[in-house]
6 protein chains.
Amino acid sequence: MLLQLSTWQETEAYLKQSTGIIIPIGSTEQHGPMGFIGTDAICPQRVAEELSNRTDIMVAPTLHYGMSQHHLEFPGSVTLRPTTLIAMIKDIIYSLARHGFTHFYFLNGHGGNVDSLKAAFSEIYSEASLNAESSPLHCSIVGWYEGKRVSALEEKYFGDANGSHATPSELSLSFYVHPEAAKSAKMDPEIPPEGDFRDAADYRKQYPDGRIGSNSGLATAEIGAELCEGAVEDVMESYQEFLS
Amino acid sequence: MLLQLSTWQETEAYLKQSTGIIIPIGSTEQHGPMGFIGTDAICPQRVAEELSNRTDIMVAPTLHYGMSQHHLEFPGSVTLRPTTLIAMIKDIIYSLARHGFTHFYFLNGHGGNVDSLKAAFSEIYSEASLNAESSPLHCSIVGWYEGKRVSALEEKYFGDANGSHATPSELSLSFYVHPEAAKSAKMDPEIPPEGDFRDAADYRKQYPDGRIGSNSGLATAEIGAELCEGAVEDVMESYQEFLS
Amino acid sequence: MLLQLSTWQETEAYLKQSTGIIIPIGSTEQHGPMGFIGTDAICPQRVAEELSNRTDIMVAPTLHYGMSQHHLEFPGSVTLRPTTLIAMIKDIIYSLARHGFTHFYFLNGHGGNVDSLKAAFSEIYSEASLNAESSPLHCSIVGWYEGKRVSALEEKYFGDANGSHATPSELSLSFYVHPEAAKSAKMDPEIPPEGDFRDAADYRKQYPDGRIGSNSGLATAEIGAELCEGAVEDVMESYQEFLS
Amino acid sequence: MLLQLSTWQETEAYLKQSTGIIIPIGSTEQHGPMGFIGTDAICPQRVAEELSNRTDIMVAPTLHYGMSQHHLEFPGSVTLRPTTLIAMIKDIIYSLARHGFTHFYFLNGHGGNVDSLKAAFSEIYSEASLNAESSPLHCSIVGWYEGKRVSALEEKYFGDANGSHATPSELSLSFYVHPEAAKSAKMDPEIPPEGDFRDAADYRKQYPDGRIGSNSGLATAEIGAELCEGAVEDVMESYQEFLS
Amino acid sequence: MLLQLSTWQETEAYLKQSTGIIIPIGSTEQHGPMGFIGTDAICPQRVAEELSNRTDIMVAPTLHYGMSQHHLEFPGSVTLRPTTLIAMIKDIIYSLARHGFTHFYFLNGHGGNVDSLKAAFSEIYSEASLNAESSPLHCSIVGWYEGKRVSALEEKYFGDANGSHATPSELSLSFYVHPEAAKSAKMDPEIPPEGDFRDAADYRKQYPDGRIGSNSGLATAEIGAELCEGAVEDVMESYQEFLS
Amino acid sequence: MLLQLSTWQETEAYLKQSTGIIIPIGSTEQHGPMGFIGTDAICPQRVAEELSNRTDIMVAPTLHYGMSQHHLEFPGSVTLRPTTLIAMIKDIIYSLARHGFTHFYFLNGHGGNVDSLKAAFSEIYSEASLNAESSPLHCSIVGWYEGKRVSALEEKYFGDANGSHATPSELSLSFYVHPEAAKSAKMDPEIPPEGDFRDAADYRKQYPDGRIGSNSGLATAEIGAELCEGAVEDVMESYQEFLS
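How each quantity is defined
Residues numbered from 1 in each chain as written. Chains lettered and ligands numbered in written order. Predicted model: local features only at pLDDT ≥ 70, side-chain atom pairs only at ≥ 80, totals over all residues. Heavy atoms only, no water. Helix = DSSP H or I, 4+ residues; strand = E, 2+ residues; numbered from the N terminus. Rg over C-alpha atoms; globule rule 2.2 N^0.38 Å. Buried < 20%, exposed > 50% of the residue type's maximum accessible area, 1.4 Å probe, protein only. Contact = heavy atoms within 4.5 Å. Salt bridge = Lys/Arg side-chain N within 4 Å of Asp/Glu carboxyl O. Pairing = 2+ DSSP bridges. Axes fitted to C-alpha atoms, helices over the stretch in contact; angles between N-to-C directions. Parallel < 35°, antiparallel > 145°, perpendicular 65-115°, else oblique. Nonpolar A, V, L, I, M, F, W, Y, C, P; charged D, E, K, R; others polar. Phe/Tyr/Trp six-rings, centres within 6.5 Å; stacked < 30°, edge-to-face > 60°. Least-squares fit on C-alpha atoms with pLDDT ≥ 70 in both. Core = buried A, V, L, I, M, F, W, Y, C linked by side-chain atoms within 4.5 Å. Buried area = accessible area lost by both parts, 1.4 Å probe. Polar contact = N/O pair within 3.5 Å; in protein donor to acceptor, adjacent residues only side chain to side chain. Expected span 1.5 Å × (residues − 1).

**Q** Would you mind going over the overall build of chain A with me for this structure?
**A** Each helix and strand in chain A was counted, giving eight helices and three strands. Starting at the N terminus, the α and β elements of chain A follow one another as α-β-α-α-β-α-β-α-α-α-α. Radius of gyration (C-alpha) of chain A: 18 Å, near the 18 Å computed for a compact globule of 244 residues. Across its three principal directions, the C-alpha atoms of chain A cover 55 × 35 × 30 Å. A total of 244 residues make up chain A; the buried ones form 66% of that total.

**Q** Looking at this structure, how should I read the interface of chain C and chain D?
**A** Reports often express the size of an interface as the amount of accessible area lost when the parts come together. On the side of chain D, 55 residues touch chain C, which itself brings 55 residues to the contact. Linking chain C with chain D are six salt bridges, by the criterion used here. A salt bridge links Lys 183 of chain C to Glu 10 of chain D; its shortest N-O distance comes to 3.0 Å. Elements with a contribution of two residues or more to the side of chain C that touches chain D: α1 (8-17), α2 (39-54) and α3 (82-99) of chain C. Here the side of chain C that touches chain D gets nine residues from one element, more than from any other, and that element is α3 of chain C.

**Q** I would appreciate a short explanation of the pattern of salt bridges in the present structure.
**A** A pair can form between side chains of opposite charge whenever their charged atoms are brought close. A full pass over the atoms with the stated rule returns 78 salt bridges over all chains. The salt bridge partner of Glu 73 of chain A is Arg 98 of chain B, with a shortest N-O separation of 3.0 Å. On the criterion of chain membership, the pair formed by Glu 73 of chain A in the loop between α2 (39-54) and α3 (82-98) and Arg 98 of chain B in helix α3 (residues 82-99) is interchain, its members lying in two chains. Glu 73 of chain A gets classed as partly exposed once you look at its relative accessible area, which sits at 24%. Note that Asp 91 of chain E and Arg 81 of chain F form a salt bridge whose closest N and O atoms lie 3.3 Å from each other.

**Q** What's the story with the sheet that holds strand β3 (residues 138-143) of chain E in this structure? I'm lost.
**A** Across a sheet, strands are paired by hydrogen bonds formed along the backbone, either parallel or antiparallel in direction. Residue and element names in this part refer to chain E. Overall, parallel pairing links the three strands, which are arranged β1-β2-β3 in an open sheet. The open sheet has two edge strands, β1 (20-25) and β3, and neither has a second partner. Strand-to-strand, the axes of this sheet are offset by a mean angle of 20°, without reference to chain direction. Where β1 and strand β2 (residues 103-108) come together, six bridges link them in parallel fashion. Note that in β2 the partner of Ile 25 across the bridge is Asn 108.

**Q** Looking at this structure, how should I read the sheet that holds strand β3 (residues 138-143) of chain A?
**A** Residues and elements named next belong to chain A. One open sheet accounts for three strands, arranged β1-β2-β3; its pairing is parallel. Of all strands in the sheet, those bounded by a partner on one side alone are β1 (20-25) and β3. Geometrically, the sheet is characterised by an average inter-axis angle of 20° between neighbouring strands, direction not taken into account.

**Q** It is not clear to me how the packing of helix α5 (residues 148-157) of chain D against helix α8 (residues 221-243) of chain D should be interpreted in this structure. Could you clarify?
**A** Each pair of packed helices can be described by the angle between their axes along with the distance between the axes. Residues and elements named next belong to chain D. Where α5 meets α8, the closest approach of the two axes is 7 Å, and the angle between their N-to-C directions is 155°. Between α5 and α8, the angle falls in the class roughly antiparallel. Residue-level contacts link Lys 148, Arg 149, Val 150, Leu 153, Glu 154, Lys 156 and Tyr 157 of α5 to Ile 223, Glu 226, Leu 227, Gly 230, Ala 231, Glu 233, Asp 234 and Glu 237 of α8. In the contact of α5 with α8, the residues fall into six nonpolar, one polar and eight charged.

**Q** Where do I start with the packing of aromatic side chains in this structure?
**A** A ring pair, where both rings are aromatic, is described by two values, the distance of the centres and the angle of the planes. Per the stated rule, a full pass over the model turns up 66 aromatic pairs over all chains. Residues Tyr 157 of chain A and Phe 158 of chain A carry aromatic rings whose centres are separated by 6.2 Å and whose planes lie at 50° to one another, so their mutual orientation is tilted. Plain terms: the ring middles of Trp 144 of chain E and Tyr 145 of chain E are 5.5 Å apart, the flat faces sit at 75° to each other, and that makes the pair edge-to-face. Relative accessible area serves as the criterion here: at 25%, Tyr 145 of chain E is assigned to the partly exposed category. One aromatic cluster is present, built from ring pairs that chain together Trp 8 of chain A together with Phe 74, Phe 197, Tyr 203 and Tyr 207 of chain B.

**Q** What am I meant to see in the relation of the copies chain C and chain D here?
**A** Here two copies of a chain appear, and what relates them is a rotation about an axis with a shift along it. Superposing chain C onto chain D requires a rotation of 180° together with a translation of 0.0 Å along the rotation axis, leaving an RMSD of 0.0 Å. The two molecules are tied by a two-fold rotation axis, judged by turn and shift. Same-surface contact between copies: 100% of interface residues of chain C are shared with the interface of chain D.

**Q** Looking at this structure, how should I read the nonpolar core?
**A** By size, the foremost hydrophobic cluster in this structure holds 410 residues, and its most contacted members are Phe 106 of chain A, Phe 106 of chain B, Phe 106 of chain C, Phe 106 of chain D, Phe 106 of chain E together with Phe 106 of chain F. Setting aside anything within four residues of it in sequence, one finds Phe 106 of chain C in contact with Ile 23, Ile 25, Leu 63, Ile 89, Ile 93, Leu 117, Phe 121, Ser 140, Ile 141 and Val 142 of chain C.

**Q** Can you help me understand unusual backbone geometry in this one?
**A** The general pattern is negative phi for most residues beyond glycine and trans for most peptide bonds. Pro 189 of chain A follows Asp 188 of chain A through a cis peptide bond whose omega is 0°. Among the secondary structure elements, Pro 189 of chain A is positioned in the loop between α6 (168-177) and α7 (200-206). Here the phi dihedral of Ala 166 of chain B falls at roughly 60°; this positive angle occurs in a residue that is not glycine. Topologically, Ala 166 of chain B is positioned in the loop between α5 (148-157) and α6 (168-177). The class for Ala 166 of chain B is buried, based on a relative accessible area of 0%. For Ala 132 of chain D, which is not a glycine, the phi torsion comes out positive at approximately 55°. Locating Ala 132 of chain D in the fold gives a position in the loop between α4 (114-130) and β3 (138-143).

**Q** So what exactly am I meant to see when it comes to the interface of chain B and chain A here?
**A** Taken residue by residue, the interface counts 55 residues in chain B and 55 residues in chain A. Both sides of the chain B and chain A interface together cover about 4,300 Å² of buried area, and 61% of this is carbon and sulfur. Summed over the shared surface of chain B and chain A, the result is six salt bridges. Between the two partners, chain B and chain A, sit 30 residue pairs in polar contact (both at pLDDT 80 or more). Contributions of two or more residues to the side of chain B that touches chain A are made by α1 (8-17), α2 (39-54) and α3 of chain B. With nine residues, α3 of chain B is the largest single contributor of residues to the side of chain B that touches chain A.

**Q** Can you help me understand the relation of the copies chain B and chain A in this one?
**A** For the pair chain B and chain A, the relating rotation is 180°, the translation along its axis is 0.0 Å, and the fit reaches an RMSD of 0.0 Å. An overlap of 100% is found between the interface residues of chain B and their copies at the interface of chain A, pointing to a shared contact surface.

**Q** Hey, could you run me through helix α2 (residues 39-54) of chain D in this one?
**A** Helix length check: α2 of chain D (16 residues) gives 23 Å between terminal C-alpha atoms against 22 Å at 1.5 Å per residue, within 8%. Where α2 of chain D is buried, its residues touch β1 (20-25), β2 (103-108), α6 (168-177) and α8 of chain D.

**Q** For this particular structure, what's the right way to read the environment of Glu 229 of chain E?
**A** Residues and elements named next belong to chain E. Within the secondary structure, Glu 229 is located in helix α8 (residues 221-243). In this structure Glu 229 comes out as partly exposed when scored by relative accessible area, which is 32%. For the pair formed by Glu 229 and Ala 48, sequence separation is 181 residues and the distance between their alpha carbons is 11 Å.

**Q** Would you mind showing me how to read α3 of chain A here?
**A** Every α-helix carries 3.6 residues per turn, so stepping three or four residues along brings you back to the same face. The terminal C-alpha atoms of α3 of chain A lie 24 Å apart, and with 17 residues this matches the ideal 24 Å at 1.5 Å per residue to within 8%. Positive backbone phi, at 115°, marks Gly 100 of chain A, one or two positions downstream of α3 of chain A.

**Q** Can you walk me through the side chain of Ser 126 of chain A in this structure?
**A** Along the chain, the position of Ser 126 of chain A falls in helix α4 (residues 114-130). Overall, Ser 126 of chain A belongs to the buried group, its relative accessible area being 0%. Discounting chain neighbours no more than four positions away, the residues touching Ser 126 of chain A are Met 67, Gln 69, Arg 81 and Pro 82 of chain F.

**Q** For this particular structure, what's the right way to read the pairing of strand β1 (residues 20-25) of chain B?
**A** Looking along a regular strand, one sees side chains alternate from face to face of the sheet. Across the six residues that make up β1 of chain B, a large majority, six, are buried. Residues Gly 20, Ile 22 and Pro 24 of chain B of β1 of chain B are buried on one face, and the alternating residues Ile 21, Ile 23 and Ile 25 of chain B, pointing to the opposite face, are buried as well.

Structure (structure tokens):
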């Protein structure tokens, strides 16, 4: 059930049987020479929509912009500052909580969002804790790629070449979603270095084409279909556990 | 050209021929007994995507959440506070400006966003003005429904029954985009009152089913197709004028 | 009745018969070669004081500083950022609301304030809406020049030469209030161009002497007296309608 | 020279001979059974205007609202939170600094403003200090009542009955400015207690009619005239010293 | 009783007999050629710890960073902006207030903290005052050097050579606490000038070695022992008065 | 080398040989029936001071307050909100960066600080990235308990009974530092449950005496001495790697 395509009466009815919601969150940032700038939003959105098709879980509209400061040397990348992201997440959670939602499961496509979202959750909990109130809210952020099925598929198809940014795994899933836009490019080197980074200048200096440790060239829409299926099952399990 | 489906290299190439971008912005809020909660995002997103298909204009990912405090008595509605929205818009514009974008055309689906976005633009201009700098940035927010073609179609099909919230015009366009989810419901009364409102409690008291002055029941996907075509042409003209 | 010249006991008594208040808001910004930098505050303050003389309406002290970033290339202009203005308006409204005031009518002299004040009102309503409370507050911003009597006088005396900044209309009213300081200057060109603007550098480039579309030279204190009378009547009607 | 009644060209000319400005700041708060709610703004505004009449010192429009949280149990009192006041002062100083003003002399009528203004000055200096820049800005806040002439007059006319809030001194000056609105009331007790206070509830409990240690009933417009003269001379000296 | 070395059960027990707490606050800033950068934290911490040893007064962990923007031209100095300090103080007070603490006595070592802390207290009181609530909180900031015993010792040992920054008084106390780190240096000139300052560049220009009016060279650990004893007695009196 | 006990000249000299600094950060929060409320600050402070004794590494004064909202149902616990902590960390880093420090190693004693500190680092990097500047700053947060030596000792002495809050490991270290205050108490149950938590009410409900999965009763000062030694070596390695 997609919040976007529901009426308020349908949402009211949904709340009588569940107070949980999945909110896809991604980013708008470079994903190397072959990857979509929207990869991190496309992936969790599709996984969530599939889940919504098969179950009665409510899925909220996607948050397309995240914390991506380190990608700003690559054209098209957009960042929200952590404090902006915290303010945005607070407003969204408080709005939905006002209707009776209690379980907020952010299905994430971008590691860079995690600290800010967890800080936002703590900011929300802080208000209850400082006011000596007991908050009914449960907040969680989980990557679509964190479950065992997706991990197994990544290991099977890509092994060490999956890397950590512009991975063939996320590109495969995004190509499965948008085969009409799938791209290819020569990867040079095939597998770039891994490592940490600081600001955008540092990132670009270390990772000139944007990839970290990943051979994006291994991505295919076919593998993406398998990854999607695995992710849907992984997330369904994780979400059920979150609710209980 | 969709930023979401582009690579950073394609974005870099785009910037050599244009520094303008269209950013669809909507909201997540009730649209009466028949309307999608995502109506205000679905409409400008579709108009922008059509425009992108026919031209070389870059379109950014959609902002699905807006300033909708007055709808919070209806389940599923979400608001960003004006100050949150201002912070978010600033970060997005400054990020894109860093790559060389200069013309930011927010294609809007929700009147409630206008004040906050204009305040955000002034906040951005203030920094240049206080620093005695000349800003290269041009910021604009335009509703997809503001042009002459859409107005003529609204007048032709709905006349006074179009109203100002949950209008048959916006519902038609959203049904054209999502015919699989189009809904119908008895409108009672057929045309509810018009008027101002304050907070969510006041809004709901005055407009119990969420509509303001609109007979949503007149919406059809067929009219939506015409409205889409009209809006694409209206917006293309408006955007070209904005660039020049 | 002027809040500034009242005691708290008189204010307490006033609140038993009315919970409405008029708060003049202007700006401190250039008004061309002949206009006072304080024009936008002088005008609504005088209209409000006249109204206060003739009725029992409470008038608060004037807010002399507004959102004027676009004038900062002209010496003496001062801006509050939109977010500062929002914070200020919130504190003032919440303070007065604490005493029982419910209807806040900002009598405005400067178009640049409107977005920020409306955003402030939405920020205030958001708190009630997010907390599922029903706010007793009614907030409005109306320009002293918006009513039919003032419009008719502007049309009669200035027609197309009124323009939109440093208008002979507002200068006339301010000269009526401060005849001792009334100025004259050669207008060159007589009527400068109209149009939009962005930051202060852009504004000054387009409007080198500060006027937009206005022939300030037509201003006289005599017309100002008529405008004042018209504005008082316009605002009285508008305020009564707001209260009811 | 009043900024409010100047043109931008006149301000530009002023800046060639001086870069100092006096900004009156007061508050909107109860002043006991006889005192105007606007007392704290009326007094420094009048002293500044007198100074402006006799010299070429630029005086900015008055800030009528200050930090008055402790008066909020008395109808009509308005407070800006310290952080709001800090934001407002920063914007005003940065705006004027952009034109070349360097010396900002806030002529104060309300002790409650002092901490917030000094914090605002430190906030401004912090930006320069953290950026390893040398700021040209000089910021000062001085009460109109701090000089030796005013102190002597207070001692002469009121002695220990002057107290510290709703003093006969400030009431006298405000009655001199607005004799048409001067009030009288029975003071009971004649001299209320002195002491500290915390929030508004605490203040009202300790000082039920709003006065702290003052016999407001001694106020006269005649003494006000003398106080005004003394204050003008005190402030002129203090301002000259500040400039040098 | 040190909060840092207590359990929560011991704190719970303490709250049954007292709801007051002493919170040492200092700064991290240069103190001339002989003074520790931590002088302003070391001194109140030691005085508070001594007090805690002799009585049952609860002492909280020390705040080592304060508002020191004016020292930033000297390596090692750190500042919190006033608005940051306000936010920090608010969180600490609200946290402790939630457990039942009502009396917050900040024992201060640095004059530069005073405005910001008083602004923080007003910000806290503002919330109660705007909400028409009666706050149980009592907040105070007192320098360890403000009492009569310390003043007498300063007069006795240093007289006019005490000055106002990097004073032999504070250095003596810090040397008494950390004799292993006590330093000496030639003071040139013996007594530097006194006066005001603005930002860090201005401060360093006026006071090249960091001292203001003080002959740091007079500092000895022996005098420090006497000062500590005097301060403990001064603060004990002041704290008891604050509680009552 | 302790910043607190250095002069500015010594700091200036230090910066010629190194631009790195260690900043201990802890929290003020309950640590079960036997643990000090200051445990999380005491531990990293001691490890850092030992390190400073043996090497020439600069150590800054300890941050005693952290993000501890979940402990607020236990008396004495204090939290900074994530956004407050972000502001504080930014000011401290920017202050030290102004003097030439480039490598900021926060030696942490409390897991709850991590998200907020990483968000603060991203906020700092965002400014450089949005301004298209290359930041010289390197920021890191590492727990004193994260290295292999400490892990081995925890495994050796406590195994599964170490748990994750009020661990015998951290208590041992704090007892080693403050043997005079070491406490004992009956642990009931010996090992409480492990798990996640949300706000303070949820935490206390799940962990009534404050411990998570830990048998605090195993703590001894003797083991603390070994842990300290292990931590010093672990951190020395980690810091050297960070610098290079």
